Amino acid sequence: MKNLIFITLFTLCNFAFSQNKGTVSGKLTDKEMNGEALPFANVFIKGTTIGATTDMDGHYSLNVPAGNQTIVFSFIGYQTIEKEIIVKAGETLVINQELGANEGVTLDEVQIKATVSKEKESALLLEQKKAVSIKTTIGAQELSKKGVSDVATAVTKATGISKQEGSNNVYVRGLGDRYNSTTLNGLPLPSNNPSKKNINLDIFSTGIVKLIDINKIYNNQIYGDFGGANINIASKEHTGKPYLEVGLGSGVNSRAVGQDNFFLQDGPGFWGFDNPTYPNNPLTNYNFTTSWDKKTKSPFNTNFSVRGGKKFNIGEESSLSVFGTLAFNNGFKYKNGISRSVNGSSLIVTDYNYESFDYNTNTTGMLNVLYKLNSKHKLRYNTLYINSSNQSLDEYNGTINVFDNASEGGGFIRRSNFDRTNLLVNQLLGNHKILDDYIDGEWGISFNKMNNIVPDRRQNMLVPQDNNNINGPKIVSDLASSNNHRFYQNLDEKEYAFNGALNYKFDKNKDEVYNGKVTLGYSGKWKDVNFNATQFNFKINRTIAQPIIDVNNLDAYFSQNGLDNNYFDIVTFRGGSGIKTALNPQFYNGRQIISGIFGNIEYKFGDKLTANLGLKYEQIYQKIDFQTALDVIGGDIYFFEKEFLPNLAIKYTVNNKNNIKLAASKTYTLPQFKEKAPFQYEDVNEIKFGNPFLYFSTNYNFDLRWEMFPKSGEVISVTGFGKIIKNPINEIVVSSATNDISYVNTGEAKVFGAEFEIRKEIFNHVRETETEDFDNKLTFGFNTSYMYHNQDVDKEKVANETNLTINPTNRKNGLTGASDLLINADVTYLKEFNKDQNLLITLAYNYFSDRIYALGVASRGNLVDQGVSTLDFIAKSKLSDRVNVGLSLKNLLNPTVTRTQEIQNISVLSFKKGVNFGMSFSYKID
């Protein structure tokens, strides 16, 4: 009875006390970011324990005793504001507040703290939790922690993404370059390779990156040419007080530095800015100035960078923030091993031992200017310049062709190449609040200019003078005029783009949050591509006795003296010096115009269910003019298509920690210009040419995800996905005398799979002080994906639609580049000694299972890259408020990379990449 009386009195007291309370709620916004929501800010009632932090939308809500109170708004790096308020029992008081940065504190000084920056893992996970769409975001903090130096490596840390060995192809859920798209701040980027749709992500240093968004499911603000993922790079902006930071670094590759001599070709310099052209009168006289012989280099990597920023206040409301960076880095690599080709009868047709020397450079400069007119209007100008180069010298020794060229061995091929890309990006972007907080808009316009050159690629092919004495003297190969050549290629691309969207919010609820939003917008791009190439073949004179050649003194033969002695003629595909048009290059000119309007409606049905339904209408125009060695007369190809592209996203909030999300969409995939133009490209072991009959594919995409957020900075998620691709485009060997490779639409492809991700804090022994808390924690991250993939390879379909014939070994096959299993894992330890000193250590692991490099034909098995594991160690330490140092050891396991031809079960490629050692140092000036 006493207990009943006590419970009754306690309940009545609580009821009476609750009746003497009111609610204080509102929204905090960021003055520095044009009034955007400010998450993770602190809101509390002074002199009490009542408080909360704002959510991802900047909202907060407190139950506060009635009467006069003082509410405090604070955020690290921002001004603290106190306000006197009067709270009435049973009523809701709405207090919205804008916070501005405290000029005496820089956000970079407290970068480790999870409540400071939207680049932090915890902030990005909170945004993921809030979003209706399914996407993955990698922030600057995660990139730094894992020692990632370029965007290509960065995206492979995400679930279901891998990079193909020996190429720049990034595969997302088994889908390669043609199915993906790349944008910078939401605006398109050009390709730096005529064979590719996307720019090489290796050339983007993470020093310019604020965050990377990976959208594996389509939304209609992305262009409809999409199947795998859109990778959007958000560029850095300046926040906080002024600073200038200088960085230096060096390193070596264990295989490169372990060689007695590291060789590269003559011509290109240290910085990678060279732009040589072929000489005047190249057919009548030998006027080439670069040597055919190799030169020695010192294989030590170097890098340096300068970056900084400053904010200028203009009046009471306006400000100008400037961020700039300039960086250079280079790297040397060496590998050697075997390289073979095998026919369907298990006969090794070509059989080489080879070694490869590689040198690359990257120079990046970026300027970002943010002009905040007031709390409603913001303009941003972004300019980015990148110069990247790759210099390689490859030597092959062995059997060139078992039937007719160095058939017993002793053949020699040297191929030296220099590939340079020059990219200039200019962007102007705007964000505007038009009517209070319910109508806003954003827009962006860009102009991109890209130039890619392959100037003076050189190839030599030598064979034994006596086929029965493979180690004896060598002479030049005369099997084909292209065996010995110099090649010059130029690709110019200009692209204009505009994106714009208007958002209307409606149905505001009692918490001052809108339940619905309608978005209308437009996106369009205009791209012009001009490609030309000239190859100077040294056509060997078969009617005279050829002299013996020293492989280390090729200049003695390929010279004016050799030309005068009638050892060879210099010709192009059009002919020699007697042909007036001999110097007219092969070319194709392309124009692509994609224009689309889109609409979205998003609505929150109560506290649990939110849905987003969108539709986009796109018009696609593409035209190619060409004149090539395969079609000397030339011609043009064009098509005009219209596409309706629906997309749906649904989010069901189970509770505060669990979401279920569903997404579905329809998209398409376009063939690239070079894939349609009848242009022939020759490599050492293969020849490729375009197919004018190629057409676009249609893609159907589906995702279902469960995600749980146990606490800040942690996530557990499981995703199931499926894709059906109608008329996929495949690269495949066609039936011909030389077994060349072309591009065809095969039957239908299907991809189904599951992804799992977990990020977990193992422990955190926080050391508390009067002014600040310091972490001593261990965190763990793991993600994996498993896929089933299959496609029809329908030779009757190809024969009916083109003038090509294919003879696939398997009528059904997997997708090229797709690994059934992908794994990423990392363990990170962080020790904060004080606000100016810390130690960060990360061990990162990656594994991909076997994947198809090329589809098998004519009884030959698929070429399959065997699965490998890699392990990286990264250590970074902040020694003071100005000095940072770092150590990296990458590819510690140094596995053997092996490519095998199935059915015949013969290794056709094998090498090791070596371990990369690196050290870094940076000094900051405030």
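Look up: the structure comes first, before these words.
Residues numbered from 1 in each chain as written. Predicted model: local features only at pLDDT ≥ 70, side-chain atom pairs only at ≥ 80, totals over all residues. Heavy atoms only, no water.

Trainee: What's the story with the sheet that holds strand E4 (residues 51-53) in this structure? I'm lost.
Mentor: Within a sheet, each strand pairs with its neighbour through backbone hydrogen bonds, oriented either parallel or antiparallel. Strands sit in the order E4-E3-E6-E7 across an open sheet of four strands; the sheet is antiparallel. Since the sheet does not close on itself, it has two edges, and those belong to E4 and strand E7 (81-87), each with one partner. Sheet twist, expressed as the average angle between the axes of neighbouring strands with direction ignored, equals 20°. (Pairing = 2+ DSSP bridges. Helix = DSSP H or I, 4+ residues; strand = E, 2+ residues; numbered from the N terminus. Axes fitted to C-alpha atoms, helices over the stretch in contact; angles between N-to-C directions.)

Trainee: Help me understand the side chain of Asn 541 in this model?
Mentor: By secondary structure assignment, the location of Asn 541 is in the loop between strand E28 (514-540) and helix H6 (560-564). Of the polar contacts made by the side chain of Asn 541, one reaches the backbone oxygen of Asn 566; its length is 3.1 Å. What Asn 541 contacts, discounting residues up to four positions off in sequence, is Gln 546, Asn 566, Tyr 567 and Phe 568. (Polar contact = N/O pair within 3.5 Å; in protein donor to acceptor, adjacent residues only side chain to side chain. Contact = heavy atoms within 4.5 Å.)

Trainee: How should I be thinking about the pattern of salt bridges in this particular structure?
Mentor: Between side chains of opposite charge, pairing is possible as soon as their charged atoms come close. With the rule as written, the count across this model stands at 33 salt bridges. The residue Arg 380 makes a salt bridge to Glu 237 at a minimum N-O spacing of 2.9 Å. Note that Arg 380 is positioned in strand E23 (residues 377-399) and Glu 237 in the loop between strand E16 (230-235) and strand E17 (243-253), a separation of 143 residues in sequence. On the basis of relative accessible area, Arg 380 is assigned to the buried category, the value being 15%. For Glu 237, a relative accessible area of 16% puts it in the buried group. The shortest N-O distance in the salt bridge between Glu 748 and Lys 726 comes to 2.4 Å. Pair noted here: Glu 748 is in strand E40 (residues 748-764) and Lys 726 is in strand E37 (residues 715-726), with a separation of 22 residues, a long-range link. Classification of Lys 726 by relative accessible area gives partly exposed; the value is 35%. Salt bridges here are not isolated pairs; linked through shared partners, they connect Arg 173, Lys 216, Asp 703 and Glu 755. (Salt bridge = Lys/Arg side-chain N within 4 Å of Asp/Glu carboxyl O. Buried < 20%, exposed > 50% of the residue type's maximum accessible area, 1.4 Å probe, protein only.)

Trainee: What is the right way to read unusual backbone geometry from this model?
Mentor: If a residue is not glycine, its phi is most likely negative; likewise, a peptide bond is most likely trans. In the Ramachandran plot, Asn 727 falls in the positive-phi region, its phi being about 60° despite a non-glycine side chain. Along the chain, Asn 727 falls in the loop between E37 and strand E38 (729-733). Under the relative-accessibility criterion, Asn 727 is labelled partly exposed at 22%. Of note in this structure, Asn 894 is not a glycine but carries a positive phi near 45°. You can see Asn 894 is positioned in the loop between strand E50 (883-890) and strand E51 (896-901).

Trainee: Help me understand the nonpolar core in this model?
Mentor: Nonpolar side chains in soluble globular proteins tend to be buried together. Formed by 45 residues in total, the largest nonpolar core has its most connected members in Val 155, Phe 204 and Ile 212. Setting aside chain neighbours within four positions, we find Val 155 in contact with Ile 138, Ile 161, Val 170, Leu 201, Ile 212, Ile 214 and Ile 231. Formed by 20 residues, the second largest nonpolar core is a distinct cluster that contains Phe 288, Trp 292, Phe 412 and Phe 558. (Core = buried A, V, L, I, M, F, W, Y, C linked by side-chain atoms within 4.5 Å.)

Trainee: In this structure, what is going on with the sheet that holds E16? I would like to understand it.
Mentor: Read across the sheet, five strands follow the order E10-E15-E16-E13-E14 without closing on themselves; strand pairing throughout is mixed. Of all strands in the sheet, those with a lone pairing partner are strand E10 (136-139) and strand E14 (187-188), marking the two edges. Of the strand pairs in this sheet, strand E13 (residues 181-184) and E16 are connected by four bridges, and their pairing is parallel. Looking at E16, one finds that Leu 184 is bridged to Ile 233.

Trainee: How should I be thinking about the environment of Val 868 in this particular structure?
Mentor: By secondary structure assignment, the location of Val 868 is in strand E49 (residues 868-878). Between the C-alpha atoms of Val 868 and Leu 840, which are 28 residues apart in sequence, the distance is 27 Å. Other than its neighbours up to four places away in sequence, Val 868 contacts Asn 846, Tyr 847, Phe 848, Pro 895 and Thr 896.

Trainee: How should the packing of aromatic side chains be read in this particular structure?
Mentor: Two measures describe an aromatic ring pair: the distance that separates the ring centres and the angle between the ring planes. Summed over all chains, the structure comprises 41 aromatic pairs. Measuring from ring centre to ring centre gives 5.5 Å for Tyr 278 and Tyr 488, while their planes differ by 75°; the resulting arrangement is edge-to-face. A residue pair is termed long-range when its members are at least 10 positions apart, and Tyr 278 in the loop between strand E18 (262-265) and strand E19 (294-297) and Tyr 488 in strand E27 (residues 485-508) qualify at 210 residues. When its relative accessible area of 28% is taken as the criterion, Tyr 278 is described as partly exposed. Ring geometry for Phe 558 against Phe 568: centres 5.7 Å apart, planes inclined by 35°, an arrangement best described as tilted. Taken together, the residues span a long stretch of sequence, with Phe 558 in the loop between E28 and H6 and Phe 568 in strand E29 (residues 568-571) at a distance of ten residues. (Phe/Tyr/Trp six-rings, centres within 6.5 Å; stacked < 30°, edge-to-face > 60°.)

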